[in-house]
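# Tertiary structure, described
Chain residues, written in single-letter form:
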Amino acid sequence: MIDGAEIVIVGGGAIGCSIAYHLAKLGKRDVVVLEKSGLTQGATWHAAGLIGQLRGKRNLTRMLQYSVELYGRLEAETGQATDWKQTGSLRLASSEARWREIRHIATTARSFGFELHLVSAEEARKLFPLMTTEGVVGAAYIPSDGYADPSSLTQALAKGARMGGVTFHEGVRVTDFVVEDGRIERVVTDHGDLRADVVVNAAGMWARELGALAGVAIPAAAVEHQYLVTEKVIDAPADLPSLRDPDKNFYLKPEVGGIAIGGWEDDAPPFGVDGVPPNFARELLDSNFDRFEQIATPAAERVPVLNEVGIRSLINGPIPVSADGEPIMGPAPGLDNFFVACGFTAGIAACGGAGRAMAHWIVEGDPGMDLWAFDIRRFGPHHAGRRYLHERAVESYGRYYKIRWPGEEMRSGRGARRSPLYGTLKRRGAVFGSKFGWERPNWFAPKGVEPVDRPSFERPNWFEQVASEHRAVRERVALIDVSSFSKFEVSGPGAFRFLQGLAANDLDKPPGAITYTQLCNAKGGIEADLTITRLAEDRFYIVTGSGNGVRDGGWIRRHMPRDGSVVLDEVTSAKAVLNLCGPDARRVLERVAEGDVSHAAFPFMTARELHIGYAPVTALRLTYVGELGYELHVPAEYAAHLYGELWAAGADFGIADAGYRAIDTLRMEKRYLYWGTDITPDYSPYEAGLGFCVKLDKGDFLGAEALARLEEDGPAQRLCCFTLEQPASVFGGEAILRAGEVLGVTSSGNFGHTVGKSIVFGYVPAAAAGHEDYQIEAFCERVPARRHDRPLYDPERTRILV
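Remember, it's a predicted structure, so these values are computed and weren't measured experimentally. (Residues numbered from 1 in each chain as written. Predicted model: local features only at pLDDT ≥ 70, side-chain atom pairs only at ≥ 80, totals over all residues. Heavy atoms only, no water.)

## Re the sheet that holds strand β38 (residues 773-778)
An order of β34-β37-β36-β35-β38-β39 is seen for the 6 strands of this closed barrel, with the pairing classed as antiparallel. Put simply, the sheet's adjacent strands are angled 40° from each other on average, direction ignored. Judged from the 4 bridges that link them, strand β34 (residues 717-724) and strand β39 (residues 781-788) form a sheet pairing that is antiparallel. Looking at the pairing, Leu724 lines up with Ala785 of β39. (Pairing = 2+ DSSP bridges. Helix = DSSP H or I, 4+ residues; strand = E, 2+ residues; numbered from the N terminus. Axes fitted to C-alpha atoms, helices over the stretch in contact; angles between N-to-C directions.)

## Describing a negative patch on the surface
Taken together, the side chains of Asp30, Glu180, Asp181, Glu185 and Asp197 define an acidic patch exposed on the protein surface. The exposure class of Asp181 is exposed, given its relative accessible area of 70%. (Patch = residues over 30% accessible without salt bridge, like charges linked within 9 Å, V, L, I, M, F, W, Y side chains within 5 Å. Areas by Shrake-Rupley, 256 points an atom, 1.4 Å probe, with all protein chains shown as cover. Salt bridge = Lys/Arg side-chain N within 4 Å of Asp/Glu carboxyl O. Lys, Arg positive; Asp, Glu negative; His and termini not counted. Charge placed at Lys NZ, Arg CZ, Asp CG, Glu CD. Buried < 20%, exposed > 50% of the residue type's maximum accessible area, 1.4 Å probe, protein only.)

## Quick look at the pattern of salt bridges
Considering all chains together, one arrives at 44 salt bridges under this definition. Put simply, Glu458 and Arg100 hold a salt bridge, and the shortest N to O gap is 2.8 Å. Taken together, the positions of Glu458 in the loop between β22 (438-444) and α11 (463-475) and Arg100 in helix α3 (residues 96-110) put the pair 358 residues apart, joining distant regions of the chain. For the salt bridge of Asp245 with Arg302, the shortest nitrogen-to-oxygen distance reads 2.8 Å. On the criterion of sequence distance, the pair formed by Asp245 in strand β13 (residues 242-245) and Arg302 in helix α7 (residues 289-302) is long-range, its members being 57 residues apart. Given the relative accessible area of 0%, Asp245 is considered buried.

## Re α7
End to end, α7 covers 19 Å across 14 residues, agreeing with the expected 20 Å (1.5 Å per residue, within 8%). By the largest-angle criterion, Ile295 marks the main kink of α7, which is about 35°, and a proline, Pro298, follows within four residues. What α7 keeps buried is the set Arg291, Phe292, Ile295, Pro298, Ala299, Ala300 and Arg302. Packing partners of the buried residues in α7 comprise β4 (89-93), β12 (220-230), β13, β14 (250-255), β15 (258-262) and β17 (311-322). Between the side-chain oxygen of the N-cap and the backbone nitrogen of Asp290 there are 3.1 Å, and the N-cap of α7 in question is Asn288. (Expected span 1.5 Å × (residues − 1). Bend = angle between axes of the 7 residues up to and from the residue. Contact = heavy atoms within 4.5 Å. Polar contact = N/O pair within 3.5 Å; in protein donor to acceptor, adjacent residues only side chain to side chain.)

## Brief notes about the sheet that holds strand β23 (residues 478-481)
What the 6 strands build is an open sheet, ordered β30-β31-β32-β29-β23-β33; its pairing is mixed. Sheet topology places β30 (607-612) and β33 (656-657) at the edges, where each strand pairs with a single neighbour. Sheet analysis places strand β31 (residues 615-620) next to strand β32 (residues 629-635), joined by 3 bridges and oriented antiparallel. By the bridge assignment, Thr618 is partnered in β32 with His633. Each of β23, β29 (575-581), β30, β31, β32 and β33 touches helix α15 (residues 639-650); the most contacted strand, β29, lies at about 15° to it.

Right, here's the structure in full:
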């Protein structure tokens, strides 16, 4: 075997072979693929092979669109048969709620030119004559969908990779990695060691174990997945499309004269809880007809001919699934040259687009589109713990065809990471959500209201309670537990110079100053959105979102000097945080705080060390809700005491508890943005309306050159704020139109309880961003909308600067 390669890919399934193929297309020849048994012999060979593009996440659909484009030409390009059949697909709605969901997804898909047709039940039956229409409200028909033979498709990708110079070694098992100074230097195998500049973990079901060899926690599991293949179906049309009826929890596709039927059962048995056996290869598991009955019975109700044909086989094989059901991709935290591509439950459908994105990520440092929803850095170490991972994996698998309600929370893996105020807030009626393992109060149920979420595509059961919390912040004063914020301290003699070279804004301010800034990449895209407080000349305090700690901390750490002049410490768990906000916030604070907290003594965007009761508090005067406010950062053991002091002091002012759902309605009225939806690496500060945070005259910093060009050229697109002129439910993902032309898609949507209207944000081309009248298409219905140049609430900031 060779001594090494520039890029070593571990795993010869569909994903690994696609990455190799696309690396070759980018001109990379020094690429080696290591497969412990034979190509396709993990989960690929027994996959059903369905390729469906319509997904709830926009960029996943775009990835799958490319897969379909690739599969249509791959056989001609390589000479290797793929058995690709582009017969189209039908997704049925057997309930009004499902029809609503399909119309929402269809609106998003159409916003970027995806061909999709909404059809009636009878039109669906004409496309799939074997089905009954009982209970069918409508259907989505996607003519470009299809299916392929997974093994043949993978072999074609491998052949294309070989044609481009990639080398494959089968029967070679990776047993360890040699890691030095944050890099994998050598890959250890049972056939010798290999030098590697870059290592890619595409090991499918074994990705978790492979990651552990490098010290990287990867929350990838496997569960048992069954599908049934029937005997030949007489008189079945040759061009029968694939069929999905998610309300009845089954999928169906033609299979060599018969029909293949599968689905996504609740409580599916996990596979390899204690580790997937390393020698497991081209094997199946014992089938279970009793378990499969929950899928077969509804399928036969929808397609009665299934009651008349025999069963050829019931296939049971393990398939990958992550802790949240989405793929796991990107650069692994903690190592400079280790990439991950695993956890693909629909790997055959995704492998084309995923392989291209990974290849660009490896070679260019950018996957070509925002993939934060699939980025490994959305996870922390707790996600990969055995119990948490497999509870979440089983639930995620079982939810595959369930309706994705706006605001719906996962039920498994809950209750472990709690703020010190959890018990107190629960007694006050808090209804908790989960973020990065934290239990966070989403809203509060008053006496007489059931403290449980009932999500809806219309107004959910928490709507009025969130409105009440919203008004408390706008009109009186409220407390919000935001202890889950990710928090870091950066210190050392080189701390200022380092952060000044990383942040777009100017940090050259005296101790006590708070700076809101973006951390940009070399292209000017926004990698992080956070605040940096200068605590001392050589000590800084960084606060970012609850789910962004691994990503943002990794970005900072990756650019730190290696000479020891800068130290980064995460202090998330050490500090609890209470947000005291509202027009009466200062009146509450001055009752309990030692010292002067007037505007003159404690101005906006500054920090003070205070004592409140017995608690030493680092108080930051800033806001994400658009009112006078203070973030009170306190050692965790003082949190309950601090809460009690503030609650007692605020009683005369009608102090209230508020949750994260109120935060979202409040921030949208102020045009405050959310990283991961409104701003991502795809967008620059100038496009997002954050140019005021870029200080090009401060000296060199990461992204400065690109941002200078972007400022001179002007943004190609602009983030706009719209209000809807008629009532409509909006959640993000709606199409933005003007004069019948689709201009973009919304990034956020919610109802503004002060302005009394639905609000959306979204990017449109700069040339089309100067008008006032637009339309927003929600659930396939167009509503008049008005664009606003300034924040809807308090554009002069008089509520904040008091």
